[in-house]
Amino acid sequence: MSYGILIVSHVPEIAAGVPKLLQQVAADVSITAAGGTDEQEIGTSLEKINQAIAANQADELLAFYDLGSARMNLEMAAEMTTKKIHLYDTALVESSYVAASLLQAGVALAAIEKQLEPLKIKQ
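Counting of residues starts from 1 at the beginning of each chain's written sequence and follows it residue by residue. For this predicted model, a pLDDT threshold of at least 70 governs which residues receive local features, and a threshold of 80 or more governs which side-chain atom pairs are given and counted, while totals over whole chains, interfaces and linings are taken from all residues. Derived side-chain values reflect all non-hydrogen atoms in the structure, with water molecules and hydrogen atoms excluded from consideration.

### A look at the sheet that holds strand S3 (residues 60-65)
Paired strands are those between which DSSP finds at least two bridges. Secondary structure follows DSSP: runs of H or I at least 4 residues long count as helices, runs of E at least 2 residues long count as strands, and numbering of each begins at the N terminus. As summarised here, the arrangement of the four strands in space is S2-S1-S3-S4, forming an open sheet in which the pairing is parallel. The open sheet terminates on both sides in strands that have one partner only, identified here as strand S2 (31-35) and strand S4 (84-88). For this sheet, the mean inter-axis angle between neighbouring strands, taken without regard to orientation, is 25 degrees. The pairing of S3 with S4 spans five bridges and is parallel. Counterpart to Ala63 in the pairing with S4 is Leu87. It only takes one pair of heavy atoms within 4.5 Å for two residues to be counted as in contact. To get an axis, fit a line to the C-alpha atoms, keeping to the stretch in contact for a helix; angles then go from 0 to 180 degrees between the N-to-C directions. The strands touched by helix H3 (residues 68-79) within the sheet are strand S1 (3-9), S3 and S4, with S3 carrying the most contacts at an inclination of about 160 degrees. Running at roughly 20 degrees to S4, helix H5 (residues 109-116) makes contact with S1, S3 and S4 of the sheet.

The structure is reproduced here in structure tokens:
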């Protein structure tokens, strides 16, 4: 079983920038992202999220997002794939960084999730 990271942001530049940061601590972790609408506007795209899921080499994805509608699209995308998607209501940059660095170190998912608990900010 392999784990990867999925980033979803309403802003294309954030979706592109966060993986650059994560790759500094997790060179061996598959990290993909989806940002903005299909027209490169502020928002999210179910199609872009599906493409990011498909492009990720991992069997299971730890998914991080910025705002509520991104969560809704992530939930829909999760129903369209055979990959298991773990969705976290946590601070996007901080929690994805923690998860990526712990995945790189070979830490078990349960231990990673325990580390993410204090970073929960969304209801």
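### Details of the nonpolar core
As used in this record, nonpolar core signifies buried Ala, Val, Leu, Ile, Met, Phe, Trp, Tyr and Cys residues forming a set joined through side-chain atoms within 4.5 Å. Throughout this description, buried means an accessible area under 20% of the type-specific maximum (1.4 Å probe, protein chains only), exposed means over 50%, and partly exposed covers the range between. Of all hydrophobic cores here, the largest spans 18 residues; its most connected members are Ile5, Ile7, Leu22, Leu62, Phe64 and Ile112. For this core, the secondary-structure elements that each account for two or more residues are S1, helix H1 (12-23), S3, helix H4 (92-104) and H5. Of the residues forming this core, the biggest block, five residues, is contributed by H4. Among the nonpolar cores identified, the runner-up in size contains 14 residues, and Ala34, Ile49, Ala58 and Ala77 belong to it.

### Side note on the packing of H4 against H5
Orientation of H4 relative to H5, taken along the N-to-C sense of each, is 155 degrees, at an axis distance of 10 Å. Judged by the inter-axis angle, H4 sits roughly antiparallel to H5. Crossing geometry of H4 relative to H5 is assigned as right-handed. Touching Ser95, Val98, Ala99, Leu102 and Leu103 of H4 are Ile112, Gln115 and Leu116, all from H5. When grouped by side-chain class, the residues that make up the contact of H4 with H5 number six nonpolar, two polar and no charged. Note that the term roughly parallel is reserved for angles under 35 degrees, roughly antiparallel for angles over 145, roughly perpendicular for angles of 65 to 115, and oblique for everything else. Here a crossing is called left-handed whenever its near helix is offset anticlockwise from the far helix by less than a right angle, and right-handed whenever the offset is clockwise. Three classes are used, and their members are as follows: Ala, Val, Leu, Ile, Met, Phe, Trp, Tyr, Cys and Pro are nonpolar, Asp, Glu, Lys and Arg are charged, and the others, Gly among them, are polar.

### Section: the pairing of S1
The buried fraction of S1 amounts to six of the seven residues, a majority that puts the element mostly inside the structure. Relative to S3, S1 runs parallel, the two being bridged by six bridges. Among the inter-strand pairings, Val8 is bridged to a residue of S3, identified as Tyr65. Here S1 runs beside S2; their pairing, made up of five bridges, is parallel.

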